[in-house]
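# Structure at a glance
Now for the letters of each chain:
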Amino acid sequence: MNKIKTIFKYELFTTIKRKSFILMTLAFPLLGFLIIGGFSLIQGTDGETPIEEIKVGYVDEPGGFDNHLTYGNVTLIPQEGQQAAFDNMTEGIISQYFVIPENYMTTGNVTRYTLTRELDVSSQVYYAIERFLVNNILEGKVDSSIVDRVASPLYLSSITLTPEGGESGQQGGFTSFIVPYIFSILLIMAIFTSSGFLLQGLGEEKENRVMEILLSSVSSTQLITGKVLGLGVAGLIQVVVWLISAKFIAEMASTSIGGLLSGLTIATDFLIIGVIYFILGYLLFAIIMAGAGSIGATARESQQFSTVFTLLAVVPFFFIAHIMEFPDSGLSQFFTIFPLTAPLTVIMRMGITDIPTWQLITSMALMILTIIGSIFLAGKIFRTFLLMYGKTPKLGEIIRMLRQA
Amino acid sequence: MMNNGQMSAIAVDVKNIYKTYGKKTVVSDVSFSVGKGEVFGLIGPNGAGKTTTIRMMMDIIKPDSGDVYVLGEKFREDTKNKIGYLPEERGLYKKQTVSETLKYMASLKGITVTDERIDEMLEHVGMLPHKNKKIEEMSRGMGQLIQFLVTVIHNPALVILDEPFAGLDPVNTELLKGLILELKEQGKSIIFSTHQMNQVEELCDRLFMINKGTEVLYGKLDDIKHQYRENSVFITYEGNIGSLKGVTESRQRDEYTEFFLDSNTTPQDILQQLIDRRVTVNRFEIGTPSLHEIFIRIAGVNGDGDE
C-alpha cells in the first residue's frame, strides 16, 4: 500500500508540474475569459455607432405600390424606370433596387438588382419588401390588425413539460446543446491528456530501461495502480478547474454577450454526470492505454498502438449530426451503452434529450464491468510484456502469449 | 542442504524452476542455493537463461513450476526491500537529478534516506560534485555507478548484479570490483551474473553455469577446475627443452607452454626430466584450465560435452 502511495505521489506531482499539463489546464478558462472580454470590448465601442440606413429603390410597373415606405432602417424609394434605377444605383443614391413586374399579382415574381455580391438577401431588406407588398396589396381592403397577422402569422415559443405537467428545467435548443457540445470535447481532451501521459510514461520507462529497476522494488500491479491513480487525480484536477471556470464563463457569457447565449447556464446534475463519466472514461482508457503502453517497444509505437481505441472513443463525433437530430434513435442509444463511446455520447445527448435512467445505469454498469475485465486482462499483459524489449510483438503473438499467461 | 522455513545459512534457494515462452523452454529444471555472505557466480553465454532465472528470483516473473526461497522464506511483499537488484537492462529517469533519483528509488524500497547518507555514498565513489546534475548529463560510466548506488542504498542483505561490468571502462570496472568486495566484507550475499569468465574467477566462491536453460556446472570454483583438469603442465623455461618422454602434444600459450601428457605419465615424471636436462624453469604448474576454457569446452560441443 505504501509503495502505491509513493508512486501515486511521484506521478501526480511530476504530471502537474509538466508544462504541457499546466498549459492545457489554464488554456481553456483563459480562452473563455478572453473571448468574453474581447466581445464586451467590441460591443462597448461599437454600441454607439449610428445604424446604417439602407436605401432600396423599386420600379412599380403595375402601379399602386405607393405607401408604407419605411421599415426600421430600410427606406424604399420609387424609381422612374429601370434605367433611372440603375443610374441611381451606380451613383450611390440607392444601394439596390427591385422590379415589380406587370404580371406580379398572378406570379408573385419580383427581381432584385444589386452591385455587390452577397450570400443571401439580408433579412432586414427581405422583411421590408415583404411587408411593403402585403401592406400595399391589402391597403384599404382589410383591418390593419389583420394585415399584421397575415404578414407575421406566428411567433412560436416551445416549452418542454415534465410528465407531471410542470415546466422542465431543461428547455433544449441551441444554448442547451452548446454546453454539452463544448463539454464533450473537453471531456475527451481531459481523458486523453491523462491517459496519454500514462501511455507516454510507461513507454519512456520501457525505453529508458527504468522499468526493471522499478519492478525490483514494486510489483507490476502496484506500479500500474499508483500510476493510474496519480494521473487520474491530475486529470480530475484539470476537469474541476475547467468545470468551475466554465460555470463562471457561462454566467458571464449569458449576461455580457446575451442574444443566443442569454439562456446559458450549466445545471448541477450535468456537472455530476460529467464528473462520473470522466472518472469512468478515464479509468477505462487509462487501463487500455497502460496495456498498449506495455506492449509497444517504444513510446511512439505504444502511441500508434493505442490510436485504435482513441478512434473508437471519438466515433460519436462523426455521428454528431445524427445524435443532435435523433437523440433517442437506436444508434444514439447504442453509443450510450457501448462502453468506449459512452462518455462522449452521454454528455452530448444530455443537452438535447432526457436520457432514460435505465440507459444511464446500464451504460455505467457496463463501463464498470469493462473496467474490471480490462484490469484482469491488463494484469496479464503487464506481466508478459513490461520487460520485453526490442521489437513490438505481432497481434498473433500477443494473443498466443496472453492465452499462456 | 538445510530446510527453508527456519533461519538458515542460505540466502537464496532455487528449486527445480521451469519457464517456457511459447514453444521455447528458457529455463529448465534449474536448482541451486546461495549461502549467506557468499559471492556466487551465475554464468553462461548470452541467451542462456541467466536473466530469466534472476527475474524469477526477484518475483518479477513467475516460474511455470518450481520454488524460490529468498532469505529463508517464500517471496513476500516486503522481500523486495531486502534485495538490491542491478538489472542488465537498466536506466534511470533522465530528467531527475542524481540526488532525486537516489531519494525516489530508496523510497520505493520503503526507506527514507537523509541528505547526509546521499552525500556520504556519492563521496565514496567520488561523485559528490555531480549531486545536483541531471541523469541525462551523466556519462555512461557515471550513470552505471549511480545505478550501483541505487542498488545498495537501502542496505540490502542480498545483492543481485546482472552483468554489472558491461559497458564499463577499466577504471570504473576496478572501482566497481572494489565496491563488490566491500559488500562481501560487510557480510552481504552477492549473486552476480556474467558471461565474462575472468571476473568470476577473481570474485566468486561458487558458481552455477547455465547453457540453453539447463545446468552444466555447479559447485565450488576450485572443485570445478579440479574436475576439468587436463593431464597437462604449464611450463615457462629458458633454453631448449628438446623432446620430453610421455608428452603427446605441446601448445604455446601467451605466458607459458602447455604440455599434454599421455595417461602413463605424471607431472612428476616431467619435472624429473627437466631437472635431469638442467633446463632453467621459471614456472611449473599443474594444468588447470581457465573457466573460459571449460566454458568453451562445454558450450562449444553441444550435448555430449558434459562428462
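By convention here, each chain's residues receive numbers from 1 onward along its written sequence. Note on labels: chains are lettered from A, ligands numbered from 1, in written order. Per-residue local features are limited, in this predicted model, to residues with pLDDT of at least 70; the limit for side-chain atom pairs, both in listing and counting, is 80 or more; totals at the level of whole chains, interfaces and linings are taken over all residues.

Another aspect to go through is the overall build of chain B. Put simply, DSSP marks the helices as runs of H or I at least four residues long and the strands as runs of E at least two long, and each gets a number from the N terminus on. The secondary structure content of chain B amounts to nine helices and 14 strands. Seen along its three principal axes, the alpha-carbon backbone of chain B occupies a region of about 70 × 45 × 35 Å. Burial is judged by counting other C-beta atoms within 10 Å of a residue's own C-beta: 20 or more means buried, 12 or fewer means exposed, and anything between counts as partly exposed, with every C-beta placed from the backbone. With 307 residues in all, chain B has 34% of them scored as buried. Here the contacts in chain B between residues at least 6 apart in sequence split such that 70% fall between residues at least 24 apart. What counts as a contact is two residues whose backbone-derived C-beta atoms lie within 7 Å of each other.

Below, the discussion takes up helix α1 (residues 50-57) of chain B. Residues and elements named next belong to chain B. Across the eight residues of α1, eight count as buried, placing the element largely inside the fold. Restricting attention to buried positions, one finds in α1 the residues K50, T51, T52, T53, I54, R55, M56 and M57. Downstream of α1 by a residue or two, D59 has a phi angle that is positive, lying close to 65 degrees.

Residues and elements named next belong to chain A. Within helix α13 (residues 330-337), burial applies to S332, F335 and T336. For α13, the angular spread of the buried residues around the axis is 105 degrees, confining them to a single face. α13 presents G330 and F334 as exposed residues on the side facing more than 90 degrees away from its buried surface. Think of the arc as the fan of directions from the helix axis to the C-beta atoms.

Turning next to the environment of B:L183. All names here are of chain B. One can find L183 in helix α5 (residues 170-185). Judged by local crowding, L183 falls into the partly exposed class, with 19 C-beta atoms found within 10 Å. Between the C-alpha atom of L183 and that of A157, which follows or precedes it by 26 residues, the distance is 9.6 Å.

Hydrogen bonding along the main chain pairs the strands of a sheet, whether they run parallel or antiparallel. Residues and elements named next belong to chain B. Read from one edge of the open sheet, four strands run β2-β1-β4-β5, paired in antiparallel fashion. Pairing within the sheet leaves two strands with one partner each, and these edge strands are β2 (24-35) and β5 (73-74). The axes are straight lines fitted to the C-alpha atoms, using for helices just the contacting stretch, and the angles between their N-to-C directions are given from 0 to 180°. Against the sheet, α1 touches β1 (10-21), β2 and β4 (65-70), its axis set at about 120 degrees to β1. Two strands qualify as a pair provided that DSSP identifies no fewer than 2 bridges between them.

On to the pairing of strand β11 (residues 232-238) of chain B. Residues and elements named next belong to chain B. Direction of pairing for β11 relative to strand β13 (residues 257-261): antiparallel, over a ladder of four bridges. The residue of β13 that forms the bridge with I235 is T257. For β11 and strand β14 (residues 280-286), the ladder comprises six bridges, and the chain directions are antiparallel. When the sheet's bridge partners are listed, T236 is paired in β14 with R283.

Turning our attention to the packing of helix α10 (residues 268-295) of chain A against helix α11 (residues 299-318) of chain A. All names here are of chain A. As a packed pair, α10 and α11 sit with axes 7 Å apart at the nearest point and diverge in direction by 155 degrees. On the basis of their axis angle, the class for α10 and α11 is roughly antiparallel. With respect to the hand of their crossing, α10 and α11 are arranged in right-handed fashion. Of α11, the residues touching α10 (which contributes F285, I288, M289, A292, G293 and I295) are S302, F305, S306, F309 and A313. In this scheme, roughly parallel covers angles under 35 degrees and roughly antiparallel covers those over 145, while 65 to 115 is roughly perpendicular and the rest are oblique. In this scheme the handedness of a crossing depends on how the near helix is turned from the far one: anticlockwise by less than a right angle means left-handed, clockwise means right-handed.

Bringing the interface of chain A and chain B into the picture now. Taken together, the contacts link 18 residues of chain A with 19 residues of chain B. Contributions of two or more residues to the side of chain A that touches chain B are made by α1 (2-16) and α8 (211-215) of chain A. Put simply, Ala, Val, Leu, Ile, Met, Phe, Trp, Tyr, Cys and Pro go in the nonpolar bin, Asp, Glu, Lys and Arg in the charged bin, and everything else, Gly too, in the polar bin. Classifying every residue of the side of chain A that touches chain B gives eight nonpolar, five polar and five charged.

All names here are of chain A. Their axes nearest at 9 Å, the elements α10 and helix α15 (residues 357-385) cross at an angle of 20 degrees. Overall, the two elements α10 and α15 adopt an arrangement that is roughly parallel. The crossing of α10 and α15 is left-handed. Of α15, the residues touching α10 (which contributes L280, L283, L284, I287, I288, A290, G291, S294 and I295) are M364, M367, T370, I371, S374, I375, L377, A378, I381, F382 and F385. Split by residue class, the contact of α10 with α15 holds 16 nonpolar, four polar and no charged.

Moving on, we get to the pairing of β1(B). All names here are of chain B. Across eight bridges, the pairing between β1 and β2 is antiparallel. Its bridge partner being in β2, Y21 is matched across the sheet by K24. Hairpin connection between β1 and β2: a loop of two residues separates the two successive antiparallel strands, and G22 in this loop has a positive phi of roughly 60 degrees. Bridge analysis of β1 against β4 gives five bridges, and the strand direction is antiparallel. Residue pairing in the sheet places V14 in a bridge with V68 of β4.

Below, the discussion takes up the confidence of the model for chain B. Residue and element names in this part refer to chain B. Mean pLDDT over chain B: 85, with 94% of residues reaching 70 or higher. Contacts from residues 1-6, a stretch scored under 50 in pLDDT, to residues over four places away or in other chains number seven contacts. The predictor attaches a confidence to each residue, called pLDDT, with possible values from 0 through 100. Contacts of residues 302-307 to residues separated by more than four positions or lying in other chains number five contacts, the stretch itself having pLDDT below 50. For this predicted complex, the interface score ipTM comes out at 0.78, while the overall pTM is 0.71.

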